[in-house]
Amino acid sequence: MKNYENTLLDIMAADERLIVMTAENRAAIRNLPNLVGDRFIDTGITEQTMIGAAAGLALRGRIPVVHALATFLTLRAFEFVRSDVGIGNLPVKLVGGVPGFLSDGNGPTHQAIEDVALMRGIPPMHVFCPADEADLVLGLPQVLSSSAPVYIRHNALKPVIDHTDFEYGRAEWVTEGRDVTILVYGMLLAQAWEARNLLEAEGVSVRLLNMRMLKPIDEDAILRAAAETSLLVTVEDHFLTGGLFSIVSEILVRHRGMADVLPLALVDRWFKPALLPDVLKYEGFTGSQIADSIRESLLITANA
Amino acid sequence: MHKEEIIELEEMALRVREHIVRLSTDGGCFTGASLSCADLVVYLYTRFLNVGPHNFDAPDRDYLFLSKGHDVPALYGTFVELGWLAAERLRNHLKTNDSIYWHPNRAIPGIEFHSGSLGHLPAVAIGVALDCKRRGLANRIVVITGDGELNEGSVWEALLVAQAYKLDNLLFIIDRNHFQANIRTEELIPLEPLAPKFEAFGCTTRRVSGHDFTALDNALQEVPFAEGRPSVLIADTVRGRGLPSIQERADRWFCNFSHEEVNALLEELHGVRQAEIESEALMVR
C-alpha cells in the first residue's frame with residue numbers, strides 16, 4: 001500500500017501546481033523535502049505566516065498543501081485561515097497532524113477536538129476526516145484537485161477494513177444493517193467496527209457508516225439511516241458542540257426528520273492525557289465500551 | 001525628477017485627497033490614515049510599480065498589498081485618477097449595488113487582496129514573493145503597513161521568514177504617521193528606535209518623508225537596498241496631511257462629515273495647496 005507521503009509525491013509529479021509547506025512539522029513528510037527541491041517550503045514555527053504565505057502562493061496559481069499540528073493549524077492560525085484562505089476562497093489544503101485522541105499524552109494544549117466545528121464554520125472550507133492511512137490515500141487525489149480549500153484531519157493508522165472507492169462528499173457503507181446505524185469519522189472507525197462485530201454476534205443488526213467527509217456531508221446517508229434504522233449513534237473524538245452530532249441534528253431538523261440519537265463525544269471537557277489505548281478506555285471509546293453504550297441505549301429505547 | 005514631474009504628482013495627489021474628503025461623508029471613512037499615505041500611493045502607482053489594466057493578469061507584474069486596509073480611499077482615489085475606476089463609482093461608496101467599502105477587496109480591479117485585519121498581508125506577500133523567486137521573475141512586491149500595525153506580532157513573524165528566504169523582491173513601506181487608531185504611537189506602544197528593529201530582523205532600511213516626492217524617488221531608485229535582504233522604507237508622514245484642521249488630531253481617525261463640512265474641507269485643501277505653491281515660488285525667487 002502507498003502511504004500518504006508517497007501518494008503526495010505522485011500527485012506532485014503529475015500536477016506541478018502543488019507545493020508542500022510546513023510550520024516545522026515534518027512527521028508526515030520526512031523524505032519529501034529532499035525529493036522536491038524548491039517545491040517544499042518550511043516557514044519555521046510560524047503557523048500564521050505559513051497560512052498567509054499559502055494564500056499568497058494560491059493567488060499565484062499554486063495549490064499549497066500545508067502541514068502543522070491540528071491544534072496550532074486550526075487555532076493559532078484560525079483568523080488567517082478564515083480571512084485569507086476563507087474569504088479569498090483559495091485552494092489551500094490544510095493537513096492537521098495528530099487530531100482528536102491521536103494527541104494521546106500531550107495534554108489539552110494539543111487536543112484538536114474543536115477542529116471540525118471551526119473548519120466547517122468557514123464558508124468555502126471542506127472537511128475530510130479519513131479513518132486511516134488507506135482511507136486518506138484513497139481520498140487524497142480528489143481532495144487535492146478540488147478547487148475548494150480543504151481541512152484534512154490526518155492520520156496514519158493501519159486500516160482494519162478493506163475500504164471501497166472514495167466518492168467526494170459520500171459516506172462509505174462499511175456494513176448494511178437494520179437496527180442501529182453507527183456514524184463515525186476518523187480513527188474511531190476501528191473501535192466502531194469492533195463494536196459493530198460484538199453487537200452483530202448478539203443478533204443486533206448494525207449499519208456502519210464511515211462518513212469520510214463532514215463537509216460536504218452525505219445527507220442522503222444520514223436521512224436514510226434515520227428512516228430505516230431505529231437508533232443513530234454518532235461516534236467522534238471531538239467536542240459534542242459543532243461536530244458530527246451537531247451536523248446530524250441540523251440535517252434532521254432541516255428535513256423534519258425524527259430519530260433517536262446517541263451521541264458519543266466529549267461533552268464540554270478535554271480528555272485525559274495518556275497513551276492512546278488508555279485514553280480510549282478512560283474515556284469510554286473502546287469497541288466493547290461503545291457496544292455497551294449502544295446496548296444500554298437500545299434497552300432504554302425499547303422500554304420507553 | 002524634473003520640477004514639472006513633481007508638480008504633476010502633487011496635483012494628482014491633491015485630486016486624490018479631494019476624493020478622500022468626498023468619501024468622508026454619508027457614512028464616512030478612515031480619512032486621517034488615507035491622507036497620510038496618499039502621496040506614497042500616488043508615487044508608487046505612477047513612478048514605481050509596473051502594474052495596470054494592461055498587465056493585471058501577467059505573472060511578472062508588480063504587486064502592491066495594502067496591509068493597513070482602512071486607508072483604501074487613497075487607493076480608490078488613485079485608481080480614479082489613473083482611469084482604472086470610473087469616477088461615478090465613488091458615489092456607490094457603502095452602497096449595496098457596488099463593492100466599494102471601508103476596506104479593500106478584490107472586486108475592484110487593481111486591488112490584489114482584501115485586508116482589514118492588521119498584520120496579514122506581510123505573510124500573503126511572502127507567498128507571492130516566494131513564487132516569483134521560484135519562477136525566476138524580477139518583479140517587485142510592495143506592502144504598505146501602518147505604524148500602529150507594527151504592534152501585531154504576525155508582522156515580525158513574517159519578517160523572520162522573509163529574511164530567512166532572502167526575499168529581496170519584497171519592499172515594506174511603513175506609513176509612519178505616528179498614530180495608532182486613537183492615540184499617538186509613542187504614548188501607547190513606543191516604536192522608536194524603529195529602523196534598528198527592522199535591521200535586527202535582517203532587513204535593510206531607508207527613512208524619508210512620505211510627502212516629499214524627490215526624497216521618495218531617490219530612496220526607491222535604490223530598491224532593493226541590499227541584495228538578499230527585504231527592503232524597508234520608513235516613510236514619515238502626517239495623519240490628515242493637507243488639512244490642518246484635522247491634521248494630527250487623535251479624534252480624526254474615522255470621519256463622517258456633513259456635506260457642508262466636506263465643502264469647507266475641500267476649500268481648506270485648495271487653500272493649503274495654494275499657500276504651498278506661493279511659498280515655493282517665494283523660495284525660488
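Residues numbered from 1 in each chain as written. Chains lettered and ligands numbered in written order. Predicted model: local features only at pLDDT ≥ 70, side-chain atom pairs only at ≥ 80, totals over all residues.

1. So, the overall build of chain A
- Each helix and strand counted, chain A has 12 helices and 12 strands in total.
- Here the C-alpha atoms of chain A give a radius of gyration of 19 Å, agreeing with the 19 Å that 2.2 N^0.38 yields for 304 residues.
- The C-alpha extent of chain A, read off along each of the three principal axes, is 65 × 40 × 35 Å.
- The burial tally for chain A puts 53% of its 304 residues in the buried class.
- Taking all contacts inside chain A whose residues are at least 6 apart in sequence as the whole, residues at least 24 apart take part in 76%. (Helix = DSSP H or I, 4+ residues; strand = E, 2+ residues; numbered from the N terminus. Rg over C-alpha atoms; globule rule 2.2 N^0.38 Å. Buried ≥ 20, exposed ≤ 12 C-beta atoms within 10 Å, placed from the backbone. Contact = placed C-beta atoms within 7 Å.)

2. Structural notes on the interface of chain A and chain B
- On the chain B side, the residues contacting the 22 residues of chain A number 18 residues.
- Of all the secondary-structure elements, those providing two or more residues to the side of chain A that touches chain B are α3 (47-59) and α5 (78-88) of chain A.
- Examining the composition of the side of chain A that touches chain B, we find that 9 residues originate from one element, α3(A), more than from any other.
- Residue classes in the side of chain A that touches chain B are distributed as 8 nonpolar, 9 polar and 5 charged. (Nonpolar A, V, L, I, M, F, W, Y, C, P; charged D, E, K, R; others polar.)

3. Concerning the sheet that holds strand β2 (residues 40-42) of chain A
All names here are of chain A.
- Strand order in the open sheet formed by 7 strands is β2-β1-β3-β4-β6-β5-β10, and the pairing between neighbours is mixed. Single-partner strands in this sheet number two, and they are β2 and β10 (213-215). Between one strand and the next, the sheet's axes are offset by a mean angle of 20 degrees, whatever the strand orientation. (Pairing = 2+ DSSP bridges. Axes fitted to C-alpha atoms, helices over the stretch in contact; angles between N-to-C directions.)

4. Description of the environment of B:Phe213
Residues and elements named next belong to chain B.
- With respect to the element layout, Phe213 can be found in helix α8 (residues 213-220).
- Overall, the presence of 23 C-beta atoms within 10 Å leaves Phe213 in the buried class.
- When sequence neighbours within four positions are dropped, the list of residues in contact with Phe213 reads Met1, Ile6, Leu9, Asp39 and Tyr43.

5. Points about the pairing of strand β12 (residues 260-266) of chain A
Residue and element names in this part refer to chain A.
- In this structure, strand β11 (residues 231-239) lies alongside β12, joined through 6 bridges in parallel fashion. Within the sheet, the bridge partner assigned to Phe239 lies in β12 and is Leu266.
- The β-α-β motif built from β11, the intervening helix α10 (residues 244-254) and the parallel element β12 has right-handed crossover chirality. (Right-handed = clockwise from strand over helix to strand, strands pointing away.)

6. Considering the nonpolar core
- Within the largest apolar cluster, 179 residues are counted, with the highest numbers of intra-cluster contacts made by A:Ile182 and A:Met211.
- Among the elements that line this core, the one with the most residues is helix α2 (residues 31-48) of chain B, at 10 residues.
- Viewed by domain, this core spans two of them, domain 1 (4-153) and domain 2 (172-303) of chain A, each represented by three or more residues. (Core = buried A, V, L, I, M, F, W, Y, C linked by C-beta atoms within 7 Å. Domains from an automatic or database assignment.)

7. Describing unusual backbone geometry
Residues and elements named next belong to chain B.
- Residue Glu192 is joined to Pro193 through a cis peptide bond whose omega torsion reads -5 degrees.
- Locating Pro193 in the fold gives a position in the loop between α6 (185-188) and α7 (195-200).
- In this chain, Val223 is followed by Pro224 through a cis amide linkage whose omega measures -5 degrees.
- Its place among the elements puts Pro224 in the loop between α8 and β5 (231-236).
- A positive phi is found at Leu94, a non-glycine position, where the angle reads about 70 degrees.

8. Observations regarding the confidence of the model for chain B
- Residues at a pLDDT of 70 or more form 99% of chain B, whose mean pLDDT is 96.
- On the interface metric, ipTM, the complex scores 0.96, and its pTM is 0.97. (pLDDT = per-residue confidence, 0-100.)

9. Topic: the packing of helix α1 (residues 3-22) of chain B against α2(B)
Residue and element names in this part refer to chain B.
- In the contact formed by α1 and α2, the axes pass within 9 Å of each other and the chain directions differ by 140 degrees. The handedness of the crossing between α1 and α2 comes out as right-handed. On the side of α1, the interface is formed by Leu9, Met12, Ala13, Val16, Arg17 and Ile20, while α2 contributes Thr31, Ser34, Leu35, Ala38, Asp39, Val42, Tyr43 and Thr46.
- Residues of the contact of α1 with α2, tallied by class, amount to 9 nonpolar, 3 polar and 2 charged. (Left-handed = near helix turned anticlockwise from the far one by under 90°.)

10. Concerning the sheet that holds β5(B)
Residues and elements named next belong to chain B.
- Pairing in this open sheet of 5 strands is parallel, and the strands run β1-β2-β3-β5-β4 from one edge to the other. Edge positions in the sheet fall to β1 (63-66) and β4 (204-209), since each of these pairs with one other strand and no more. Strand-to-strand twist of the sheet, defined as the mean angle between neighbouring strand axes without regard to direction, takes the value 20 degrees.
- Pairing of β1 with strand β2 (residues 141-146), which is carried by 4 bridges, proceeds in the parallel orientation.

11. Side note on helix α8 (residues 189-201) of chain A
Residues and elements named next belong to chain A.
- Under the 1.5 Å per step criterion, the end-to-end length of α8 is 18 Å for 13 residues, consistent within 8% with the ideal 18 Å.
- Of the residues making up α8, those classed as buried are Leu189, Gln191, Ala192, Trp193, Ala195, Arg196 and Leu199.
- Of the surrounding elements, those touching the buried residues of α8 are β7 (172-175), β8 (180-184), β9 (206-210), β11, α11 (276-283) and α12 (287-303).
- The first or second residue beyond α8 is Gly203, which carries a positive phi of 95 degrees. (Expected span 1.5 Å × (residues − 1).)

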